[in-house]
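Coordinate inspection notes
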Amino acid sequence: MALKMKVSNLAGDKCAKTITESIHTMMPDAKVDVDVQAKTVTVEPTASESIASEESIKQVIVAAGYHIEDY
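Here goes a summary of the coordinates provided. The structure displayed is predicted, hence computed values, not measured ones. Just so you know, the residues in each chain are numbered from 1, in the order the chain's sequence is written. The predicted origin of the model limits local features to residues at a pLDDT of at least 70 and limits the giving and counting of side-chain atom pairs to 80 or more, whereas totals for whole chains, interfaces and linings rest on all residues. Only hydrogens and water are set aside; all other atoms, that is, all heavy atoms of the structure, feed into the side-chain values.

**Notes on helix 1 (residues 13-24)**
- The end-to-end C-alpha separation of helix 1 is 16 Å, in line with the 16 Å expected for 12 residues at 1.5 Å each.
- Only protein chains enter the calculation, and the probe is 1.4 Å; a residue is then buried if its accessible area is under 20% of its type maximum, exposed if over 50%, and partly exposed in between. Helix and strand definitions follow DSSP, with helices as H or I runs of at least four residues and strands as E runs of at least two, each counted in order from the N terminus. Inspection of helix 1 places Cys-15, Ala-16, Ile-19, Thr-20, Ser-22 and Ile-23 among the buried residues, and these make up the whole buried set. The buried side chains of helix 1 occupy one side of the element, clustering within an arc of 160 degrees when seen end-on. Facing away from the buried side of helix 1, by more than 90 degrees, are the exposed residues Asp-13, Lys-14 and Lys-17.
- Packing partners of the buried residues in helix 1 comprise strand 2 (31-35), strand 3 (40-44) and helix 2 (54-63). Helix span is expected to be 1.5 Å times the residue number reduced by one. Along the arc lie the directions from the helix axis toward the C-beta atoms. Two residues qualify as a contact provided that any one of their heavy atoms is within 4.5 Å of a heavy atom in the partner residue.

Here it is as structure tokens:
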């Protein structure tokens, strides 16, 4: 099951890379899709790993310096 979030201060490819790397620290094989124009981040685990809690994924993104809408 994928988790999709709106990240209001997502500005470019550097931001996308930082968010992707942050998520991969706890879910190394997850598929992370960052849409800079739509300002969204979608995280989908592989079949071999379970998704980390929604809360922990959001905390990693916030710790990297980003703001998730409604969080």
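Once the structure has been displayed, the description carries forward.
**Overview of the pattern of salt bridges**
- By convention in these notes, a salt bridge is any Lys or Arg side-chain nitrogen within 4 Å of a carboxyl oxygen on Asp or Glu. Tallying each qualifying case throughout the model produces two salt bridges.
- Glu-21 is the partner of Lys-17 in a salt bridge, and the nearest nitrogen-oxygen pair spans 3.9 Å. Of this pair, Lys-17 and Glu-21 both sit in helix 1, four residues apart, roughly one helical turn.
- Taking relative accessible area as the criterion, Lys-17 reaches 53% and is therefore assigned exposed.
- Look at Glu-21 and you get partly exposed, because its relative accessible area is 46%.
- We note a salt bridge from Glu-54 to Lys-58, for which the minimum N-O separation is 2.8 Å.

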